[in-house]
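Observations on the model geometry
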Amino acid sequence: MPSNYLESVQKQFAYYKLLGEKTMAQVSDDDLFWHYSAESLSIAMIVQHLAGNMLSRWTDWRTADGEKAWRERDAEFEHVLVTRAEVMEKWEAGWAKLFAAIADMQEDELDNLLYIRNQGHTYMEALNRQLAHYPYHVGQMVFIGKMVADAGWQSLSIPRNASDSYNATKFSEPKARKHFTDDMNGDKP
């Protein structure tokens, strides 16, 4: 049976990238840098961290450890970026590196090993590790976005009190195998 794991994981990552982008589009430039307290993160800090992780993990991923010596992880949690353009540039650079790595993988290599902090992971395990990590932080971004946008927030999923109408629409359609990310360009999950 042929596997479509790489296609599926790429769609999952693309979905969470889109959620982050839709969140950032709903907040002001200033709100990208807002944080609740000295110990909490801003959306910009989370983007720095995600990009730092992606660039480190997926640069020379076949031959070098995923935790690069040049990565300054602690600085990812400081105010480094100061403009929306810088935030978006970091965001795109990180995701581009991840998607290039996925495009470079073949299904028959998924059991091959790579290393993260000197610990061996199969390619599939490394992707699954990041598929848990990146959405965790995108969820934080969404939560912050909802707080700062408040009543102006446009739901990224099924809005409150709209489940019945959403389900009625979905159940009126013919049954089909469809990945939930196939609806990303307008429909809600």
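Presented here is a report on the structure given in the accompanying data block. Just so we're clear, the structure is a prediction, and the values are computed from it rather than from any experiment.

Before going further, it helps to spend a moment on the side chain of H121. Within the secondary structure layout, H121 lies in strand β2 (residues 119–122). Here R129 takes part through its side chain, which lies 2.9 Å from a polar atom of the side chain of H121. Leave out the neighbours within four places in its chain, and H121 touches N112, L113, L114, I116, A126 and R129.

A separate point is the pattern of salt bridges. All told, the structure shown has 10 salt bridges when counted by the stated rule. Residues D29 and R84 are paired through a salt bridge, measuring 2.5 Å at the closest nitrogen-oxygen approach. Highlighted residues: D29 in the loop between α1 (5–25) and α2 (43–58) and R84 in helix α3 (residues 84–104), separated in sequence by 55 residues. The class for R84 is partly exposed, based on a relative accessible area of 21%.

Attention now goes to unusual backbone geometry. Residues other than glycine seldom take positive phi values, yet R117 does so here, at roughly 50 degrees. For R117, the location among the structural elements is in the loop between β1 (113–116) and β2. Relative accessible area serves as the criterion here: at 42%, R117 is assigned to the partly exposed category.

The rules behind the values
- Residues numbered from 1 in each chain as written.
- Predicted model: local features only at pLDDT ≥ 70, side-chain atom pairs only at ≥ 80, totals over all residues.
- Heavy atoms only, no water.
- Helix = DSSP H or I, 4+ residues; strand = E, 2+ residues; numbered from the N terminus.
- Polar contact = N/O pair within 3.5 Å; in protein donor to acceptor, adjacent residues only side chain to side chain.
- Contact = heavy atoms within 4.5 Å.
- Salt bridge = Lys/Arg side-chain N within 4 Å of Asp/Glu carboxyl O.
- Buried < 20%, exposed > 50% of the residue type's maximum accessible area, 1.4 Å probe, protein only.

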